[in-house]
Structure formats: C-alpha cells, structure tokens
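# Survey of secondary and tertiary structure
What follows is each chain in one-letter form.
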Amino acid sequence: MRISLNWLRELVDVSISPEELAETLTMAGFEVEDIEDRRPWASGVVLGKIIACEQHPNADKLRVCQVDVGSGEALNIVCGAPNARADIYVPVAVVGTYLSTIDLKIKPAKLRGVPSEGMICSLAELGLSKESAGIHIFELENPELGSDIRPLLGLDDVILDLTATANRADALSMVGVAREVAALTGASLRIPEANGVAIEGKETPGLAVEISEPQGCPIYIGTAIEGVKIAASPAWLQQRLQAAGVRPINNVVDVTNYILLEWGQPLHAFDRDRLQSFTGTQDISIGVRFASSGESFKTLDGQNRNLQAQNLLITASDKPVALAGVMGGEDTEVHEGTQNLVLEAAIFDQATIRRSARAQGLRSEASIRYERGVNQAALTTACNRAVALILELAGGAATVQKTAISGEDLSFSRSLELRLDRVNLVLGQLKRGQTGGSKYLEPEEVKNILTALGCEVVPTEKERVFGITVPPYRYRDLEREIDLIEEVARLHGYDNFCDTLPSKTEPGYLSPEYAAIRNVRSAFRAAGLTELMHYSLVKTEGDNQVVLANPLFVEYSALRTEMLSGLIDAFQYNLEQGNGALNGFEVGRIFWKEEGGQDAQPLLPTKKEADAVAGIIGGDPTVWKWQQGGRDRPLTWFEAKGILESAFQELGLSVEYQSDSSNTRLHPGRTAALSLNGKHLGVFGQLHPQLQQEKDLPEQVYVFQLDLAVLLGELGRSHNLTRKFANYSSFPASDRDIAFFAPIEVPVVEMQSAMKKAAGSLLDSVELFDEYRGDNVPAGQRSLAFRLIYRAGDRTLSETDVEPAQQKVRDVLVEKFGVSLRS
C-alpha cells in the first residue's frame, strides 16, 4: 500500500524523517519497498499568470507568452501547448530549475528566433502523469504569484510503498498504519470521526435488505441518498487518491475509494434509478446469495462473466448487480447523470470472497481487503463517514438506511491471559542486561507496549499474569498468548534481544525414503541416462485427467496421467534440433481420477496421485560408425533391456519380465510387464512402429515407466539397506551345457527360475548363450542353449556331484515346460 506522509501526518504526529520512519516500520515487520520523494520533482517551479499570449512569428504551433511570476518583470516564454491563453494561472519552471522526472535543466534559449526565459509545465513534465494534452491550468481563488506550486499539486509529499504481512489486514488502511506508527514512536493519534449523519427517514424510497447467505455476509448496510450532483472531486481528494495510485473518477466514486484507503472498508455505490430500471420495480430489495448455474452479468471492467456456484452475489430483486466484495456491475454503475444512490457497506466472509475472486480470475482492491479480513467494528463509522463526505461534496440528502444482520454473535472483543514468565522464556534476555541493566522485560514495559497497541491491560489474581482485552481492529490477528508475545518483541525491537545459539547442534541427515530416491537417481545416471525434468501440466486429452479449474494456458490445463508422452516429445525435439538421441529418465508425479468413483461413492475423493520413474532409450549405441560404413545401427531390445538391468543390478534388485501387449503405444511383441517380488513394478518396451513413424523417430526406441513406491518399498527392506559380501570359492567350477526345443510363448526367465530351484545350492549361475529360430526347428518353437555353472565352496565337484543335479534340471524342463531335449 502507498502511504502518503502528508496524509499520515494528519492522523499521527510524525516528527522523524521519511528514511527513519521507513527503517522503523521495516524493523517492526512492515517492509518498505520504496521511498518516493516527490519534493525534488518540482523544486524551483512557481505559480505564474499568463498576461499575454500571441502567435509565434515563425512557427504555427508555438505561442509567445508574457508570464508574471511575481518578480516585478514579466518573463518571455515560448510555449507549444494548444491550451495556452491569457489570464490563466500555470506552473512555471524558471531559469535554473531542474526537472528531475524528465532530466531537464531550464536555461535561456531561443526558439525559432524568439528568446524564451523558462518553461510552462504540464503534469507529465512534473511527474504526475504519463501524458498531458497541454499545460496545467490552476483554478485558484486567492493565488499568490511566485509561490511554490508543490503544495498546490501535492508535490510536497513523500510516498512510502509499504507491504504488510498477510495477517495484518489492519495495515491496509491509513488509520491502521497511523495506529502502528503511534505505537512505535509514542506519537499522539487523531482518528477521523464521522460527523452525525442525519437520515431523514422518508417513506417514499422503497429499500429493503435481505441476506440469504448469513455465513457469507454477516452484516449489510444499504443507504439511499437522493439529489446528488456528479462532478469532479476537489483537488485535495484527487491528490490523495493519486498519491495512493488510484485514478480519480468522480466525487461519489472517489469518496468510496477514499474510505477504502482511510479505513480499509470497501464500499460500493449503485445508481438507484438504474437499479429500478434494471429490476423493473420502484421498490428495491437488495439481497445476498450465491450464483446459480447459467447466470451471467457484466462487471465494471466491461467483461461479461459466466458465474459459478461459489460466486457470492449482490442482487436487486434477485437479479445480480455485483460480485460481492469483488467488483460491481456495469449496468448499475454511477455515471455523469446519476442523481440518486444506494450506498453499500458490508462485511463478507474471507474464504467466500477468496473462492469467488479466484473462480473468476479477478482480484480487486476490495477483494484483497476482504480476503485478509475487514474490521467489523469500524463498519458503521466508515459508512457514516462516506455518507457525510458524499453529502458534502455531491450534495443531496440521506433518506433511508437499512441494516441486515445475520443474527450471529458479532462481538469483536477477545480476552487473553499473558504470563510474564512465558514472555521472558520465549524472548530471552535483553542486550541491556550485558551492561548491568535488567536482563528481562519488566512488567511495566510489557504493559506499556500492549497499551500502545490499543489493548486493555489489567492485572489478574494470578501472580505475574496480565489480563488482555484485544482491540476490535486486531480481533482477527491477536488470537493466542503467543501472538501477544510476538507483538511485545516486535515493538520492543527484535534487535534489542540477545542472540542465543542452541546448547548443542544435531547433525543433519537424509530420511531413508529420500536417501533411497537419491540411490535410484544415481543408479539410472550410472547406467548412462541423463536425468530430465518436465512440467506436470499438459493439454486436456483424456477422461481420467485432473483438469484445472482456472488454467493459465490451454497447453497447461490438466495434470499428466503418465510420463512417457513428455519423454517422447523431448526425444523428438532433440532429434529435430540436431542434438542426437536423448537417452534419459525422469522421477516425477502422475495424477488421475478413479473411474466411477465419483458416482459410486460421491463422498470419497476420486483424485489420485503417485510417484513414478520413466525413461526413454534409443539411437545408435556405437561410437565409431566407420565400422558400419557410416550407417546408424538400431538399438536392439536386449541392449536397451541391458541398460535397465544394469540400473536394477546397481540397486541390488531382481526384476522379473513377463510378455505384455496391453499398452497400445508399445510394440505388442516387444513389451514386457515388470514385477518385483510379485508386485507389479511397471512396463518396458519398444515404441509401436506406427507411433515411431508419426513422430519420425529412429527405427527402434524403447521406453519404461516404473512405480516408484514399489521400487522404494523393496529398497527399504532390511536385506537391501546394507550391501552384503559373500565368501568366494577357491575351488574350480564345473560347467554343463543343455540345449532343447521350447515353445516360443514360454519365457526364458521362467525356465531359468525353474532350473535354479531344481539344481539346488550347487548351481552357481545359469546363462542363455544361444537362441535359434528357422530351419530344422519345429514350428512354434525355438532352440535354446544354456550354460550351467556348478561350484562348491569346500571341494572340487566330481561327476557324481554334478550329474544328479543336472538330471533334475532336465526332468523339470520336460515336465513343466514340455521341451524336447537336444543334449
């Protein structure tokens, strides 16, 4: 919020410099992002009067003006403004003046042969606007020529750009900041009061207020004002709004914005005649309800908005006329011909306004304040002050005022207990204790600090315990004892407490889960894959996607249900850019909706999420292509599988592969479902040739996606937490080969598992070293050859040791898989 120092000085006696005030506020928890000192902008610019204005003899667009600046002799100034004329009061930059906003120093000059002794300024040249159609003209009753023009334009001011924390809703108003400054500096405070507003109580204006959603709107005040005259606001009001970054519009709208800045209370003025025309009735019934499906209306920014169920509305005869607490409607706005008003002053629920504004993607100065919490106790004061200012600036009379209250407990006071021992325990010792003073805060110091904040502090029957009554404007912020302790520390000064370190430090460590994830990443990197990262947001394409309610872009409107699409697109993009094949992996999260869950069990959440590991492998694995005549060699299925296997071996995992053709994007004959100790782990396979042609990818590209939870679950088992080393045998091994015809549909992994189980502990390893399909092989079968290595740790094996085990292997292959032995 932009804080005008001149305005602030009307509310509190500020005697320190702007820089000191900014430092004080920053140390108290309010960040001052910028100090805008306007005083140098027009230093040396004085009030002058054009006493004569003639056409330039040598230029059609220039005029030669005689300007009286109170120095006794008129200045000859050449001016190009189209609105320059005699008998007007203007800002004049005399010779020697430096205009910092446009980086110009005024010097005597000749323009097209005519001498010029200064410059008549526009608001743009004085830094008050970006563009100006001509010079600025003052409307003054008792002008003093030669006087400094800065007080006339509000340029004798300093603006502090203040950022308050989310819990300090009271700091979004001049009154709130003034209270804070008074508490920090001990200065006297002057809160503006609303003069008695006379409500004439006519019976003719039909105005009723009814709240249908008491939780969303606990209080609503509607005031009818008749006979107003819309005009420009006085200069003082416009200057204060401009200093705060608000564009002046007209006297009525400017008053509502002024009260918003002064009290932090949003207001809205409706054109009563337009309300009657819009509703088709003379009796206006103001209501508050949530929107219905299919409703829409146009807001003040000119946009036609489709309303949603979470949008809280202000209605007239049940027709929407405003987004409650966010923005009014265009059809009922105050305009130049407005004569009768209905002034809204209300309290809306924080969460309700936050949801409503977010649903429309619309945030306003009003919604920002309602979202943080508006001071309910000041509602009537702010409303009456606004009515009084409207009557003062726009005329008219307040004819009727109706108030609707939800009936809930509207008490804005809260009582807390504050233990002094707890204050000192939390805050620690003071630096003054190092020089012989009291080590801790004294009870009187704590009492003075909280009293300065507006709290009522009284002793209780308990020893060293205060009873604290929180002021209404801090009702939403000070809820617990620790909040009071924070206020004591903040106002006393955080830098006045001693720095203390823990008596001993604990070494940092990674959680077992995060350490396991690091190991997974390390294993895939060691296998030669590059770690990648993609956005979780994708286009809306499937029914089971989780779709965002308010996406920034259509390309990022839903959450990804799988990770392979992003990897394939990245692989394709790198090839198109001439970067070669991108062999990489990604650890990320996927999201989906359970089918039918919403209809079957509407009360249960239907959205799911899980972590996954996915990767893509392709391209020519060879380094020296001269061996292949410069041609690329496709990566084989077994080479890609070997890369994945090396990562699993690094992690100490034994993964099983089963043929799978359920994924339509993968080759039906070159896809495997992966399992780990009987749990489904994921899928690995070659991209379908049709998809490969559509994406213009190399001949064979392979992808995998694994369930990270299953992977981490196995890594977390006790036998995988620590690497174990086994004794090696010093005795020679005995190897046996076995060859047979086996059905094609029987997986090799199942046969290897059966051989290991049948041979027993003597079998050290089983390795497939040959596969053949073609001539002399029965139809529907393939020829396989395995090498079995037998070894014992305590002796050299003899034929009598190996042959029985080898026979068991032959038997199990024939009985279980129906193979035809060749050897």
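Let me begin by describing the structure that accompanies this report. (Residues numbered from 1 in each chain as written. Predicted model: local features only at pLDDT ≥ 70, side-chain atom pairs only at ≥ 80, totals over all residues. Heavy atoms only, no water.)

## Section: the overall build of the protein
Each helix and strand counted, the protein has 22 helices and 39 strands in total. Taken over the C-alpha trace, the protein has a radius of gyration of 41 Å; the compact-globule value for 823 residues is 28 Å, which it surpasses by more than 25%. Dimensions of the protein, computed from the C-alpha atoms along their principal axes, are close to 130 × 90 × 70 Å. When the 823 residues of the protein are sorted by exposure, 45% land in the buried category. In the protein, of all internal contacts separated by at least 6 residues, the share reaching a separation of at least 24 is 67%. The averaged location of the 111 negative side-chain charges in the protein is 4 Å from the averaged location of its 81 positive side-chain charges. (Helix = DSSP H or I, 4+ residues; strand = E, 2+ residues; numbered from the N terminus. Rg over C-alpha atoms; globule rule 2.2 N^0.38 Å. Buried < 20%, exposed > 50% of the residue type's maximum accessible area, 1.4 Å probe, protein only. Contact = heavy atoms within 4.5 Å. Lys, Arg positive; Asp, Glu negative; His and termini not counted. Charge placed at Lys NZ, Arg CZ, Asp CG, Glu CD.)

## Side note on unusual backbone geometry
One non-glycine residue, S317, lies in the positive phi region at around 55 degrees. Along the chain, S317 turns up in the loop between strand 19 (312-316) and strand 20 (319-323). Taking relative accessible area as the criterion, S317 reaches 32% and is therefore assigned partly exposed.

## Here's the deal with the sheet that holds strand 16 (residues 284-290)
The strands making up a sheet are joined through hydrogen bonds of the backbone, oriented either antiparallel or parallel. The strand order 13-16-19-20-21 describes an open sheet built from five strands, whose pairing is mixed. In the strand order of this sheet, the two ends are held by strand 13 (207-211) and strand 21 (327-328), each with one partner. Each of strand 16, strand 19 and strand 20 touches helix 7 (residues 272-279); the most contacted strand, strand 20, lies at about 140 degrees to it. (Pairing = 2+ DSSP bridges. Axes fitted to C-alpha atoms, helices over the stretch in contact; angles between N-to-C directions.)

## Side note on the nonpolar core
Core analysis: the largest hydrophobic core is formed by 92 residues, its most contacted members being L8, Y220, I259, I314, F348 and I390. With eight residues, helix 10 (residues 379-394) is the single largest residue contributor to this core. Non-local contacts of I390, meaning those with residues more than four positions away in its chain, are made with I225, V228, V252, V255, L341, L343 and G395. (Core = buried A, V, L, I, M, F, W, Y, C linked by side-chain atoms within 4.5 Å.)

## Some remarks on the pattern of salt bridges
Within this structure, the stated rule accounts for 40 salt bridges. Linking D37 and R39 is a salt bridge whose minimum nitrogen-to-oxygen distance equals 2.8 Å. The salt bridge involving E487 is made with R490; its shortest N-O contact spans 2.6 Å. Of the two residues, E487 and R490 both sit in helix 13 (residues 481-492), three residues apart, roughly one turn of that helix. Classification of E487 as buried rests on a relative accessible area of 3%. Counted as one network, the salt bridges with shared partners bring together R168, D170, E180, R474, D477, E487 and R490. (Salt bridge = Lys/Arg side-chain N within 4 Å of Asp/Glu carboxyl O.)

## Structural notes on the sheet that holds strand 27 (residues 530-531)
Strand order in the open sheet formed by seven strands is 27-30-31-35-34-33-32, and the pairing between neighbours is mixed. At either end of the open sheet lies a strand with only one pairing partner, and these are strand 27 and strand 32 (656-659). Where strand 30 (residues 584-593) meets strand 31 (residues 607-618), 10 bridges bridge the pair, whose relative direction is antiparallel. Looking across to strand 31, one finds that F591 is bridged to E609. Its contacts with the sheet put helix 14 (residues 512-526) on strand 27, strand 30, strand 31 and strand 35 (701-707), and the angle it makes with strand 30 is roughly 130 degrees. The strands touched by helix 17 (residues 637-651) within the sheet are strand 31, strand 32, strand 33 (666-676), strand 34 (679-687) and strand 35, with strand 34 carrying the most contacts at an inclination of about 145 degrees.

## Focus on the side chain of N340
Inspection of the secondary structure puts N340 in the loop between strand 21 and strand 22 (341-347). Note on N340: relative accessible area 14%, which makes it buried. Within the structure, N340 has its side chain in polar contact with the backbone nitrogen of G227 (distance 3.2 Å). Those residues in contact with N340 that sit more than four places away from it in its chain are I225, E226, G227, V228, F270, D271, R272 and D273. (Polar contact = N/O pair within 3.5 Å; in protein donor to acceptor, adjacent residues only side chain to side chain.)

## Looking at the packing of helix 4 (residues 174-185) against helix 6 (residues 251-263)
If you want to describe how two helices pack, look at the angle between their axes and the distance between the axes. At their nearest, the axes of helix 4 and helix 6 sit 4 Å apart, and the two run at 25 degrees to each other. Relative to helix 6, helix 4 is oriented roughly parallel. Counted together, M174, V175 and R179 of helix 4 and L261, E262 and W263 of helix 6 form the full contact between these two elements. Taken together, the residues of the contact of helix 4 with helix 6 break down into four nonpolar, no polar and two charged. (Parallel < 35°, antiparallel > 145°, perpendicular 65-115°, else oblique. Nonpolar A, V, L, I, M, F, W, Y, C, P; charged D, E, K, R; others polar.)

## Examining the environment of I284
Structurally, I284 is set in strand 16. In the structure, I284 is positioned 258 residues away from G542 in sequence and 48 Å away in space, judged by C-alpha atoms. Every residue in contact with I284, bar those within four places of it in the chain, is listed here: G206, L207, A208, R272, L275, Q276 and A316.

## Here we look at helix 19 (residues 708-715)
With respect to burial, helix 19 is a largely interior element, six of its eight residues being buried. Within helix 19, the full set of buried residues consists of L708, V710, L711, L712, E714 and L715. One side-chain oxygen of the residue at the start of helix 19 lies 3.0 Å from the amide nitrogen of A709, identifying that residue as D707.

## Here's the deal with the side chain of R150
Mapped onto the elements, R150 comes out in helix 3 (residues 150-153). Given the relative accessible area of 18%, R150 is considered buried. Non-local contacts of R150, meaning those with residues more than four positions away in its chain, are made with R39, A42, S43, L155 and D156.

## Let's talk about the pairing of strand 15 (residues 267-271)
Extensive coverage of strand 15 is indicated by the burial of five of its five residues. Residue alternation in strand 15 divides its side chains into two sets, L267, A269 and D271 and H268 and F270, and both sets are buried. Bridge count for strand 15 against strand 22 is five bridges, and the pairing is antiparallel. Counterpart to F270 in the pairing with strand 22 is V342.

## Some remarks on helix 11 (residues 420-427)
If you check which residues of helix 11 are buried, you get L420, V423, N424 and L427. All buried residues of helix 11 lie within an arc of 90 degrees about the axis, which places them on one face of the element. A positive backbone phi angle near 85 degrees is found at G428, which sits one or two residues after helix 11. (Arc of directions from axis to C-beta.)

## Things to note about the packing of helix 6 against helix 10
Interhelical geometry of helix 6 versus helix 10 gives an angle of 145 degrees and a closest axis separation of 9 Å. In this structure, helix 6 meets helix 10 at a crossing whose hand is right-handed. In this structure, helix 6 contributes N251, V252, V255, Y258, I259, E262 and W263 to the contact, and helix 10 contributes T381, A382, R385, A386, L389, I390, L393 and A394. Counted by class, the contact of helix 6 with helix 10 contains 11 nonpolar, two polar and two charged residues. (Left-handed = near helix turned anticlockwise from the far one by under 90°.)

## With respect to the packing of aromatic side chains
Ring pairs (aromatic) are described by centroid distance and by the angle formed between their planes. With the rule as written, the count across this model stands at 11 aromatic pairs. When the centroid spacing of 5.6 Å and the interplanar angle of 90 degrees are considered together, the rings of W236 and Y258 count as edge-to-face. Placement of the pair is W236 in helix 5 (residues 235-243) and Y258 in helix 6, with a sequence separation of 22 residues. With a relative accessible area of 36%, W236 lands in the partly exposed category. (Phe/Tyr/Trp six-rings, centres within 6.5 Å; stacked < 30°, edge-to-face > 60°.)

Remember that the coordinates give geometry; whether it matters functionally is a separate question.
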